[in-house]
Amino acid sequence: MTPVSSKIYADDVSLLMVLVDTNPYFWSSMKNTAFPFPKFISHVLAFLNSILLLNQMNQVVVIATGYNSCDYVFDSSTSSMQRAECLLEKLGDFVDKDESLSQEDSVDGVGFSLLSGSLSMALCCILNQFIGNVSLDLCELLDIQRVFRSGPLHPQPRILCLHGSPDGPGQYVAVMNSIFSAQRSMVPIDSCVIGSQHSAFLQQASYITGGVYLKPQVSDGLFQYLSIVFATDLHSRSFLQLPRPVGVDFRASCFCHKNTIDMGFICSVCLSIFCKHHKKCSTCGSNFGEARKQDPSASDQRRT
Amino acid sequence: MADGKLVKRAKYKTSVKVPGVPGVLKLTKERFYFMPNDPTLTTKLNVEFKLIKGHKSSKECSSKQALLNLTQAQGGNYLFEFDSFPDRDQCRDFVASAIAACGEIGKATAEKPAVPHDEQLSATEMGRRIKLLQENSELQKLHRQLVIGGILSEAEFWAARKKLLEQSENKKPKQRVALKNDMWSVKPLSDGQTNRVTFNLTPEVIHQIFAEKPAVRQAYLKFVPGKMSEKEFWTKYSRAEYLHSTKNIVAAAAEAAEDEELAVFLKQDDMLVSEARRKIRRVDPTLDMEADEGDDYMHLPDHGLPQGETKEILEPQYEPFKRSFSQYLNQHAAVVLRGRVIDVELGDTRSVAEAFTRTNQAEQATEVSDENAYRERVKKVSRVAEIEDLQGPRDPPVALLSIKDPRDYFDSQQANAIKALGDAETGIRPLKFSVSKEEAFCSLKDSISEINSQGLIEPIISPEVALKVFNGLSQNISSTKYHLGKNPHESVLDQLPSATKNDLLLHWTSIQELLKHFWSSYPITTKYFYTKVTRLKDAMSQIYPKLQEIKESVQSDVRHQVSLLVQPMLQALDAAFAHYDADIQKRSAKSGERPNGFV
């Protein structure tokens, strides 16, 4: 997908949705490394302030991606919040709330943060911005409380994921759905992975939506990465050379043997992929008709 | 004709106007001879069909001569006049098949794959090849390089392209004569003095009558030759037509009452009527003719055609003798559009009639099987025309989608993503880490309050780190910028100078061509293959320095890409050479055991 084409403004105005990973287990694991949470949040705050200083029309919304929940912690358009430091207070409240929602006492490994939820929230927020004063029921349910500027000049929205936790397999479908709705509404998803692992979700998200995927090599230089790569507005991206992925391998692996395949069988109901013909889909349990047997060319073999 | 020989009386002429030399024309599969009746004349002919390019014939018409013109490939022609048109047609067909056979022989020898030799090619074959070369400049280049360069023989080159040749051949459809579009109306040729009226019936006209009027056909099969002779039959038919042309229905009815055979022609065609009924049944029932009534000239009586027939109120007994012009026109149009359905020589009236009856019966047989289709149509109609309000909901039974574990989707994706990014080690390494809930949340809250009280960590980033990041990013970007071949939309070739690009493409195609011939020669069973492989090997070894030359000629910044492109070519050639050497070794080892000179 090509990046979102800019509107006619001379100066590009950005609406930046920043998703900050606040998975406590992840940050505990990072406590004794070169890049603990205080350092991270310092870099992020400096970055957010610089975005706000770039253009007075720029708008920044921060969504905290917690372990059990996610919530808005900062919106530069509200009058009470002029500097990004204001988010710290709300972030503290959010972590309290997140803890109270927690069911289990300990987690194996660092667990997964709720990326699908925060992506959906970001998209809702952008959508709400676009439809102006008409509020969406869904957004009301999610307790969005913000005053959006209404007017002819809408800021160009984009989403930046600052993510450290590994991908949560259980969120796959939800995350993919968010990615596709972002693609549909032409919202690029930039991703900056601060953990040790690459994120397959975010890699695909950036590729599909035309955003930038980056995993900083020098972790304590995060601010530099943010200001060089992720501060660029969508208009400038058309003439800047940003880091591009070498290529994403979209070949699927079959669900039965986890082999990477070029051609395979696809369940027509749930789109599960198999390397050979099965009588029944192992994912959704649909029975495949026998009629296909007579005519093998008509079977649901497709290039993936 | 079946025994490959045909002898006919004919006149040999030098032009259409001259009377010509009477004699005997003898045709065989390979050549034709002409012997004049007068042995003193010197106009004997003995010509091979190979030299004949085509044939023309005069139109079949009683006023014209039955001519056959054989055109020679080198120009010039042979003109024969026959006594009758059937004679001429027979000869024409024979000549056509003989010319075609000659062409095929030429082709067959050209395509003999085992040992192709430069045989005499037929003109059509040669023309086809030349045309292909003209149309395809790439092929032309290849042809010039390989065939004219002496690496491959002409036959070898084309043997690999049989398909191309056949395709170009298939483009030419065989010409078939369609039915005449003019309606045969009886134009009685009366001389004005006597009461005689003459009708002219040719086989073509009879064919048309049979096609358009099944009742006449049926009557013909019934009456001829049992009840009456062919001549009587057609006389009667002509009489009936004449009666129709006078448009005197009452007179026609009176005549029909006297002669029951004549009545068959005068009455309305029952078979046509039943067929029309059948056709109406096949019309999509949702078609609403009444709704279209206001369209165009449909409201005019007789569809706006000039009213030829006088409108008169007829007594019911004359009704069957009425014939409408539009009916006739429709029937004629249907027959012409259907084209020639029978494949019988027109001369024999009876066989024509029988052939028509056969096709009709076949059609009716399929009609019966159409009965099911008809029922289906009716069902469809009842579906289309149903009243929606009265129908129950027709939703398909819904099965809820139950996905057991979305993890299944994810696992496959992640494996790929990690692979694509090329650091499988970090992906596989499990994070061994465990903290309690309180500990984790507390430490996070502590960090937040720490910053809240102390402010941001100063300085946010050290200049050294910032420079490192900056350099790292610029390097990364500049390297991915030139990461070629990843984007399918831009080809590396486009960046090369056009001369280099063309050279590379040409070498690619010629290498492919050579390799195709090289590999198809294995296993070497005859001496012919052996020499061919040697020839090909020599040609291929000459390509190496040329490729090297190309590599050296380009500028340094694209040299790497050129060598990347050349690499697979060299690999393919190397593989061929390796196979060649291995084969030579095996061969010499074998010949050591068997010194009997096995190639």
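Please refer to the structure placed before this passage.
Along each chain, numbering runs from 1 in the same order as the chain's sequence is written. Whichever chain is written first is A, and whichever ligand is written first is 1; the rest continue in order. Only residues with pLDDT of at least 70 are given local features in this predicted model, and only at 80 or more are side-chain atom pairs given and counted; all residues enter the totals for whole chains, interfaces and linings. For the side-chain quantities, the full set of heavy atoms in the structure was used; hydrogens and water were omitted.

### Topic: the overall build of chain A
Move 1: Scanning chain A from terminus to terminus reveals nine helices and 11 strands.
Move 2: Buried means the residue's accessible area, taken with a 1.4 Å probe over protein chains only, is under 20% of the maximum for its type, while exposed means over 50%, and partly exposed covers the values in between. Taking all 304 residues of chain A together, 58% fall into the buried category. Only runs of H or I of at least four residues qualify as helices and only runs of E of at least two qualify as strands under DSSP, and these elements are numbered from the N terminus.

### Concerning helix α2 (residues 37–54) of chain A
Move 1: One less than the residue count of a helix, multiplied by 1.5 Å, gives the span that helix is expected to have. For α2(A), which comprises 18 residues, the first-to-last C-alpha distance of 26 Å matches the rise-based estimate of 26 Å (1.5 Å per residue) to within 8%.
Move 2: Among the 18 residues of α2(A), 14 are classified as buried, and the element is accordingly described as predominantly covered.

### Quick notes on the environment of A:Leu127
Move 1: Within the element layout of this structure, A:Leu127 appears in helix α4 (residues 115–130).
Move 2: A C-alpha to C-alpha distance of 10.0 Å links A:Leu127 and A:Ala182, two positions 55 residues apart in sequence.

### Some details on the sheet that holds strand β5 (residues 52–57) of chain B
All names here are of chain B.
Move 1: When DSSP finds at least two bridges between two strands, those strands are taken to pair. Taken in spatial order, the seven strands line up as β4-β3-β2-β1-β7-β6-β5 in an open sheet, and their pairing is antiparallel. Only two strands of the sheet have a single neighbouring strand rather than two, namely β4 (45–48) and β5. Direction aside, neighbouring strands of the sheet carry axes that sit 30° apart on average.
Move 2: Sheet analysis places strand β1 (residues 5–13) next to strand β2 (residues 21–28), joined by eight bridges and oriented antiparallel. Bridged to Val 7 within β2 is Lys 26. Here, axes are lines fitted to C-alpha atoms. For helices the fit covers the stretch in contact, and angles between N-to-C directions go from 0 to 180 degrees.

### Focus on the packing of aromatic side chains
Residues and elements named next belong to chain A.
Move 1: The pairing test for Phe, Tyr and Trp rings, Trp by its six-membered ring, is centres within 6.5 Å, and the orientation test on the planes gives stacked under 30 degrees, edge-to-face over 60, and tilted for anything in between. All told, the structure shown has 20 aromatic pairs over all chains when counted by the stated rule.
Move 2: Taken together, a centroid distance of 4.6 Å and an interplanar angle of 35° make the contact between Trp 27 and Phe 40 tilted. In this pair, Trp 27 sits in helix α1 (residues 24–29) while Phe 40 sits in helix α2, placing the two residues 13 residues apart along the sequence. Comparing Trp 27 with Phe 40, the two get one shared label, buried.

### Concerning the sheet that holds strand β6 (residues 213–214) of chain A
All names here are of chain A.
Move 1: If you trace the six strands from one edge of the open sheet to the other, you get β3-β2-β1-β4-β5-β6, paired in mixed fashion. This sheet does not close on itself; its edge strands, each paired only once, are β3 (70–75) and β6.
Move 2: Direction of pairing for strand β2 (residues 59–65) relative to β3: antiparallel, over a ladder of five bridges. The residue of β3 that forms the bridge with Val 62 is Phe 74.

### Some remarks on the pattern of salt bridges
All names here are of chain B.
Move 1: Criterion for a salt bridge: a side-chain nitrogen of Lys or Arg within 4 Å of a carboxyl oxygen of Asp or Glu. A full pass over the atoms with the stated rule returns 12 salt bridges over all chains.
Move 2: Put simply, Lys 516 and Glu 513 hold a salt bridge, and the shortest N to O gap is 4.0 Å. With Lys 516 and Glu 513 both in helix α18 (residues 498–520) and three residues apart, the pair spans about one turn of that helix.
Move 3: Between Asp 583 and Arg 587 there is a salt bridge, and its shortest N-O distance comes to 3.3 Å. Of the two residues, Asp 583 and Arg 587 are both situated in helix α21 (residues 556–593); the distance of four residues between them amounts to about one turn of the helix.
Move 4: According to the relative accessible area criterion, Arg 587 is buried, its value standing at 17%.
Move 5: Each member of the salt-bridge network shares a partner with another, and the members are Arg 88, Asp 89, Arg 92 and Asp 93.

### Looking at the nonpolar core
Move 1: Here the nonpolar core consists of buried residues drawn from Ala, Val, Leu, Ile, Met, Phe, Trp, Tyr and Cys, with membership extended through side-chain atoms lying within 4.5 Å. Counting 60 residues, the largest nonpolar core has A:Phe40, A:Phe47 and A:Leu48 as its most contacted members.
Move 2: Here the element with the most residues in this core is α2(A); it accounts for 10 residues.
Move 3: If sequence neighbours within four positions are ignored, A:Phe47 has contacts with A:Leu16, A:Leu160, A:Phe223, A:Leu226, A:Ser227, A:Phe230 and A:Ala231.
Move 4: With 38 residues, the next largest nonpolar core counts B:Phe157, B:Leu515, B:Met540 and B:Val566 among its residues. Between two residues, a contact is recorded if the distance between any of their heavy atoms is within 4.5 Å.

### Regarding helix α16 (residues 437–454) of chain B
Move 1: Taking 1.5 Å per residue as the helical rise, α16(B) with its 18 residues ought to reach 26 Å, and the 26 Å between its terminal C-alpha atoms agrees with that figure.
Move 2: All buried positions along α16(B) are accounted for by B:Lys437, B:Ala440, B:Phe441, B:Ser443, B:Leu444, B:Ser447, B:Ile448 and B:Ile451. Angularly, the buried residues of α16(B) cover 160° about the axis, an arc narrow enough to put them on a single face. Within α16(B), the exposed residues directed more than 90 degrees away from the buried face are B:Glu439, B:Ser453 and B:Gln454.
Move 3: Looking at the buried side of α16(B), the elements it contacts are α1, α2 and α3 (87–101) of chain A.
Move 4: At the C-terminal side of α16(B), B:Gly455 shows a positive phi close to 85°. The arc refers to the directions leading from the helix axis to the C-beta atoms.

Keep in mind these values describe shape, not function.
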